[in-house]
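Given next are the chains, with one letter for each unit.
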Amino acid sequence: MEKGTLVEFRLHGERCLAVAERPEGKNHWIVVDDRGQARTINAKQVSYEVNGETYKPSDIPRFRKEVDPFIDPESLEVAWEFLVEEGLAVDPAEMAMLLFSEKSPAQCYAAYYLLTEDKLYFKQKGDRYEPRSTNQVAEIKHQLEVARERETQQKEFWARVEQALSGFQVEWQQSDRNRLEALERFAIQGDEATGRAAAVETLAALKRPENPQGAFDLLVDLGVWSRHENLFLRRSSIPVNFSTKVLEVAKERTEVAPPDPDSERLDLTRLKVYTIDDESTKEIDDGLSWELLPDGKQRLWVHIADPTRWLTPGDELDLDARRRSTTLYLPTGMIPMFPAELATGPMSLVQGKICNALSFGIILDDDGAVAQYSIHASIIKPTYRLTYEDVDEMLQLGLPSELEIDAIARYAQRRQMWRRSQGAINIHLPEASIKVDADEIHIEVLEDSPSRQLVAEMMILAGEVAARYAQTHQLALPFRSQPQPELPPDEELLQLPAGPVRACAIRRCMPRSEMSITPARHASLGLDSYTQVTSPIRRYSDLLTHFQIKAHLRGEQPPFSPEEVKEVMIGVTTASQEASLVERQTQRYWALEYLRRTSEQAWQAVLLRWLREDERLGLILLEDLGLELPMQIKRSVALGENLEVRVSYVDPRSDAIRFQELIDQPAQPAAT
């Protein structure tokens, strides 16, 4: 390099033009740019030397003007098409001749500039530039298009974010889902979430806290989630929506009924059938009848909805229901085991319509034990759709036109007494029913009313009969059993206050129920064998029992072998336990949210038991709400003692609550 040489070098990644002034030591040069600023650069920093002329710093603007007309990136494509076909590499001077038919210093520099800016058509190899192959160029073009599209989508995403945060309604696009889902996963799973970096990047760009709570708050502010988003459900593997295929099959079945495998159903449409449920219940899966026989005997009928009429083992509906295992009941609504158009339509026992059922005809002896029974695939016509409150009122009034209800109630009482004689253990504790409607929380205390006891006894009766039938015919079913509990001695129990405290003490001793293909005693029910059979629209284990019993009634081989029943039970049990956990967690969340909203209210409570007596941590029952919650009690209190309490702190999201006891302060003497 000589004095007066125009050179290009890079400064902080930017191209700079300057004129060589003089050497500085062995490897450096002093160069001067067009503003007269001198810099010392290493010779290795020089990226291009303009040959053919000498320059002064004041010539640099003129040189740039000479170069500018030749800077046309599109011209490279024409050169590339020629060179790739010939397989030739070029240097900047050769490229200048190809592009401009001349190679002046300005044209050579323009060619060099185009080649070094290009990331598509050429790659540098030493001092020369080779054309990339056609396939390579096509792939790079695709990558650049994807990058441009991603950049466009990102800009549009930020625009929608700003709109949403400003309070405007936003319609999120499919291209937004990856970013939003990354935020959702981070809010749910924290640092273990896949795509955590993308979520943190979004939070950082918006100057939001870069933690799961920050992600949650952002999703709420964007209107993607509600403030009360059910994170318990989102953390679970429970499917919320049905696949398109399942919905299509459900629609087909409602429009065109499949062939009925039970073509010779018993016609029981002559019977008066009562369905009894909560008013909000949509899946009506059981009904009751009473019949006076010609010989003077009385027969009870328990009719169970027959969803197997609409599906077969192993089809899309069956496998999806098996994965779900149960209908999920949450305060905000239910997530059904079957699509709603089936579950609440042809599968349900709908008042006034001809319905398919599995009917259990049962004659009891004078003590309440099962004397005779039969099971039939049937058709029925439900007469009345009643609520528990309706039935309680009917029983209280003793309506002459509804003697059947009185008869069923009497048999239910007889059955309850018989089961007690067989060792049944009844635990009566108030239960909270929590419903959320348009963000309004309603809590109702469910007591053991006569109507609820009536229905419960009839369902237990059907379960006993189904288990007895399976045991007699050696059918593999999901039998339910419960080991005999080790209860405290009677004298110890009698020392506890009667009612909730004593019931709570007994409940603590009750072992978990078990499921097996081998029948065994169910201690709390007082039955030698039992299976659940009365909720096949809502519980897959009940549906499995239907499949097995109905096949045997038709004289066919049951669709599930003993080993297959075991295998299905394992999966169903795991899924059901997860569903139960989500139900409990969600109920608890809304209970605490209700108490947060009513934090100024005083509640009557009773101490049920000590959780950690040495720390004065007890379990209290809020009697007006049927809620059992922990409380730190600061004074000496006996089990069963009544307390007046108020919430002092509650955070539903972190599952934290504290109470303070309201104690009347003694009146202070007046000042004299």
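The preceding data block contains the structure.
Not measured: the values here are computed from a predicted model.

What counts, and where the lines are drawn
- Residues numbered from 1 in each chain as written.
- Predicted model: local features only at pLDDT ≥ 70, side-chain atom pairs only at ≥ 80, totals over all residues.
- Heavy atoms only, no water.
- Patch = residues over 30% accessible without salt bridge, like charges linked within 9 Å, V, L, I, M, F, W, Y side chains within 5 Å.
- Areas by Shrake-Rupley, 256 points an atom, 1.4 Å probe, with all protein chains shown as cover.
- Salt bridge = Lys/Arg side-chain N within 4 Å of Asp/Glu carboxyl O.
- Lys, Arg positive; Asp, Glu negative; His and termini not counted.
- Charge placed at Lys NZ, Arg CZ, Asp CG, Glu CD.
- Helix = DSSP H or I, 4+ residues; strand = E, 2+ residues; numbered from the N terminus.
- Buried < 20%, exposed > 50% of the residue type's maximum accessible area, 1.4 Å probe, protein only.
- Core = buried A, V, L, I, M, F, W, Y, C linked by side-chain atoms within 4.5 Å.
- Contact = heavy atoms within 4.5 Å.
- Pairing = 2+ DSSP bridges.
- Axes fitted to C-alpha atoms, helices over the stretch in contact; angles between N-to-C directions.
- Phe/Tyr/Trp six-rings, centres within 6.5 Å; stacked < 30°, edge-to-face > 60°.
- Lys NZ or Arg CZ within 6 Å of the ring centre and 35° of its normal.
- Parallel < 35°, antiparallel > 145°, perpendicular 65-115°, else oblique.
- Nonpolar A, V, L, I, M, F, W, Y, C, P; charged D, E, K, R; others polar.

Trainee: I tried to follow a negative patch on the surface on my own but got confused; where do I start?
Mentor: Negative charge collects at one region of the surface, where Glu279, Glu389, Asp390, Glu393 and Glu444 lie side by side. Broken down by element, the negative patch gets its largest block of residues, three residues, from helix H13 (residues 388–397). For Glu279, the location among the structural elements is in the loop between strand S9 (274–277) and strand S10 (286–292). The exposed category is assigned to Glu279, whose relative accessible area is 66%.

Trainee: I keep staring at the nonpolar core and nothing clicks. Help me out?
Mentor: What tends to happen in soluble globular proteins is that the nonpolar side chains get buried as a cluster. Ranked by internal contacts, the top residues of the largest apolar core, which has 39 residues, are Ile276, Val302, Phe360 and Met458. Taken together, the elements giving at least two residues each to this core come down to S9, S10, strand S11 (298–305), strand S14 (355–364), strand S15 (370–380), H13, helix H14 (403–421) and helix H15 (450–472). The element that contributes the greatest number of residues to this core is H15, accounting for 11 residues. If near-sequence neighbours (up to four positions away) are discounted, Met458 is found in contact with Leu288, Leu300, Val302, Ile408, Tyr411 and Ala412. Phe232, Leu595, Ala605 and Leu627 belong to the second-largest nonpolar core, a separate cluster that totals 37 residues.

Trainee: Which parts of the structure should I look at to understand the sheet that holds strand S5 (residues 46–50)?
Mentor: Judged by pairing direction, the sheet is antiparallel, and its five strands sit side by side in the order S4-S3-S2-S1-S5 without closing on themselves. Both outer strands of the open sheet, strand S4 (38–42) and S5, are each paired with one neighbouring strand and no more. When strand polarity is set aside, the average angle formed by the axes of neighbouring strands in this sheet is 45 degrees. Note: strand S1 (residues 6–11) against strand S2 (residues 14–24), six bridges, orientation antiparallel. When the bridges of S2 are listed, Phe9 appears paired with Cys16.

Trainee: Just checking my understanding: could you explain the pattern of salt bridges for this structure?
Mentor: Should their charged atoms come close, side chains of opposite charge can pair. Counting across every chain of the model gives 55 salt bridges. The salt bridge partner of Lys272 is Glu402, with a shortest N-O separation of 3.4 Å. Taken as a pair, Lys272 in the loop between strand S8 (266–267) and S9 and Glu402 in the loop between H13 and H14 lie far apart in primary sequence, 130 residues in all. Look at Lys272 and you get partly exposed, because its relative accessible area is 23%. For Glu402, a relative accessible area of 8% puts it in the buried group. Each member of the salt-bridge network shares a partner with another, and the members are Asp260, Asp262, Arg265, Asp306, Arg309, Lys550, Arg554 and Glu556.

Trainee: I keep staring at the sheet that holds strand S21 (residues 603–612) and nothing clicks. Help me out?
Mentor: In a beta sheet, neighbouring strands are held together by backbone hydrogen bonds and run either parallel or antiparallel to one another. A sheet is described by the order of its strands in space; here five strands give the open sequence S23-S22-S21-S24-S25, paired in antiparallel fashion. Single-partner strands in this sheet number two, and they are strand S23 (627–632) and strand S25 (656–661). On average, each strand axis in the sheet is tilted by 45 degrees relative to the strand beside it, whichever way the strands run. Relative to strand S22 (residues 617–622), S21 runs antiparallel, the two sharing six bridges. Bridged to Arg612 within S22 is Leu617.

Trainee: Explain unusual backbone geometry here, please?
Mentor: What you tend to see is this: most non-glycine residues have negative phi, and most peptide bonds are trans. Phi at Ser101 takes a positive value of approximately 65 degrees, unusual for a residue other than glycine. Residue position: Ser101 is located in the loop between helix H3 (92–100) and helix H4 (105–117). The phi dihedral of Asp439 falls on the positive side, at around 70 degrees, and the residue is not glycine. Relative to the assigned elements, Asp439 resides in the loop between strand S17 (431–437) and strand S18 (440–446).

Trainee: Where do I start with the packing of aromatic side chains in this structure?
Mentor: Between two aromatic rings, the relevant description is the distance of the centres plus the angle of the planes. Going through the model one piece at a time under the given rule, you end up with 15 aromatic pairs. Centroid distance Trp80 to Tyr121: 5.2 Å. Interplanar angle 40 degrees. Geometry classified as tilted. Remark: Tyr121 occurs in the loop between H4 and strand S6 (122–125) and Trp80 occurs in helix H2 (residues 75–86); sequence separation between them is 41 residues. An aromatic cluster is built from Tyr48, Tyr55, Phe63, Tyr109, Tyr112 and Tyr113, whose rings are joined through pairwise contacts. Seen from the ring of Trp310, Arg309 lies directly overhead, with NZ or CZ sitting 5.0 Å from the centre. We note Arg452 situated over the ring of Tyr388; from NZ or CZ to the ring centre the distance is 4.1 Å.

Trainee: I keep staring at the packing of helix H6 (residues 177–189) against helix H7 (residues 196–205) and nothing clicks. Help me out?
Mentor: How two helices pack is summed up by the angle between their axes together with the distance between the axes. Here H6 crosses H7 at 100 degrees, and the two axes come no closer than 8 Å. Judged on the interaxial angle alone, H7 and H6 are roughly perpendicular. The residues of H7 that touch H6, namely those facing Ala182, Leu183 and Phe186, are Arg196, Ala198, Ala199, Val200, Thr202 and Leu203. Here the contact of H6 with H7 is composed, by residue class, of seven nonpolar, one polar and one charged.

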